[in-house]
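Structure assessment
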Amino acid sequence: PVAVSARDLTVDYGSSRAVTRAVDGVSFEVRRGEVLALVGESGSGKSTLAWALAGLRAPSGGAMTHESGDLAGPARKRPLSLRRRVQLVFQNADTSLNPRRSVGDAVRRPLRFFGTAGSRAEAAARARQLISDVRLDPAFVDRLPAQLSGGQRQRIGIARALAGEPDVLIADEITTALDVSVQADVLRLLDDLRRERELACLFISHDLAVVRGIADRVVVLRNGVVVEEGPTDAVFADP
Ligand code: ADP
Ligand code: ADP
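The name given to the protein in an unreviewed UniProt entry is Oligopeptide ABC transporter, ATP-binding protein, with the source organism recorded as Streptomyces flaveus.

Some words on the site of ligand 1
Taken together, Tyr-13, Ala-22, Glu-41, Ser-42, Gly-43, Ser-44, Gly-45, Lys-46, Ser-47 and Thr-48 make up the full set of residues adjacent to ligand 1. Here an oxygen atom of ligand 1 and a backbone polar atom of Ser-44 are 3.1 Å apart. The backbone of Gly-45 places a nitrogen or oxygen atom 3.1 Å from an oxygen atom of ligand 1. Relative to its unbound accessible surface of 560 Å², ligand 1 loses 57% to contact with the protein.

Structural notes on the pairing of strand S7 (residues 168-172)
When you tally the buried positions in S7, you get 5 out of 5 residues, the bulk of the element. Of the two faces of S7, the one holding Val-168, Ile-170 and Asp-172 and the one holding Leu-169 and Ala-171 are both buried throughout. As defined by bridge partners, strand S6 (residues 86-89) adjoins S7 across 4 bridges and the pair is classed as parallel. The residue bridging Gln-87 from the neighbouring strand is Leu-169, located in S7. Here 5 bridges tie S7 to strand S8 (residues 200-204), and the two strands are oriented parallel to one another. When the bridges of S8 are listed, Ile-170 appears paired with Leu-202. A crossover links S7 with its parallel partner S8, the connecting element being helix H7 (residues 180-197), and its sense is right-handed.

Reading the values: rules and limits
By convention here, each chain's residues receive numbers from 1 onward along its written sequence. Lettering for chains starts from A, numbering for ligands starts from 1, and both go in the order in which the items are written. Given that the model is predicted, a residue must reach a pLDDT of at least 70 before its local features are reported, and side-chain atom pairs must reach 80 or more before they are shown or counted; all residues, however, enter totals for whole chains, interfaces and linings. Where side-chain values are given, they derive from all heavy atoms of the structure, hydrogens and water being excluded. Consider each residue's heavy atoms; a residue with any of them within 4 Å of a molecule or strand counts as near. Here a polar contact means two N or O atoms within 3.5 Å. Within protein one must be a hydrogen donor candidate and the other an acceptor candidate, and residues neighboring in sequence count only if both atoms are side-chain atoms. Using a 1.4 Å probe, accessible areas were evaluated by the Shrake-Rupley method; residue-level cover was limited to the displayed protein chains. The classification of residues rests on relative accessible area computed with a 1.4 Å probe and restricted to protein chains. Under 20% of the type maximum is buried, over 50% is exposed, and intermediate values are partly exposed. Helix and strand assignments come from DSSP, with helices taken as H or I runs of at least 4 residues and strands as E runs of at least 2, each series counted from the N terminus. Strands qualify as paired when DSSP identifies two bridges or more between them. A clockwise path from the first strand over the helix to the second, with the strands pointing away from the viewer, defines a right-handed crossover.

Quick look at the structure:
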C-alpha cells in the first residue's frame, strides 16, 4: 500500500513580490517498506519538499496524503495521531538534540509528547528499547549528546523519530556529515528498520553511490521539478 503521496505539490519562499518557487508541481508516492530516493543538485528543492511533508513548511499548492489522512496544514495543526506517523530525521542530528539534555531524555520526550508511551516508567523503558533498536547500548540514556560520536548521535536522531511509531520516515542527508565507514552502518540500520517496521522511507541525498545502495526507486529533481523517475537501476543506467 501507498503510505504517503504528494500531488502537484508547490512550495514557495518569499513574499508576493519576490517569490522563489522551490518545489514546482511535484508528484510522487512511497509505498510501505520502500525506499524512494530524492536526488538532485543543491538548491533543487529536496529539503523544502521534506519540510513540507513533515509539516514544517506550508505548501502553497497541491496535496499531500498519508494513508490515514490528509497532510494539509502545518504539523502543529495536524492531529498528533497523524503527525507522529510522518517523521523527519535531519542531516545534523546535533541541531535537533538539546546539548543540555541526556540522550534518554531526547527519546523520552517525543514518547510522552505523542502519547506512544503512557507512563513515565513506560517511556523510560521504551526509550531504552528504542536506543537498543538503533543498535546502541541502552546505558547511553544517561549520556549527553556531546559524549557520543557523530554516527551515534545520528542513531539517536533516528530513535527519536521512531518514538512516534511512524510509518513514513524522511531522511534528509542523514549520512552526509558522517565518515564513510560510519555511513555504511547507518544505511544498514535504515535498511533493517524499513524491513522490520515496513517503513516508507523518503531518502534524500546528493550522494549517488549511497542512493544506489539503498533506494528502490529514484526521483530526480531539478529547479523544483521532477525531471526523471523510475527504478534505481533504470535511472542510473547509462543512456
Ligand atoms: P536542496 O535541499 O535540494 O538543496 P532546498 O530545498 O534547500 O534545495 O532549496 C530549494 C530552493 O529554495 C533554492 O533555490 C533555495 O535557494 C531556496 N530556499 C531554500 N530555503 C530558503 C529560505 N529559507 N528562503 C528563501 N529561499 C530558500
Ligand atoms: P527542548 O529540549 O529544547 O525542550 P524537546 O526535546 O522538548 O526540546 O522538543 C521540542 C518540542 O518538539 C517538544 O514539544 C517535543 O515534544 C517536540 N518533539 C520532540 N520530538 C519530536 C518529533 N520527532 N517530531 C515532532 N515533535 C517532536
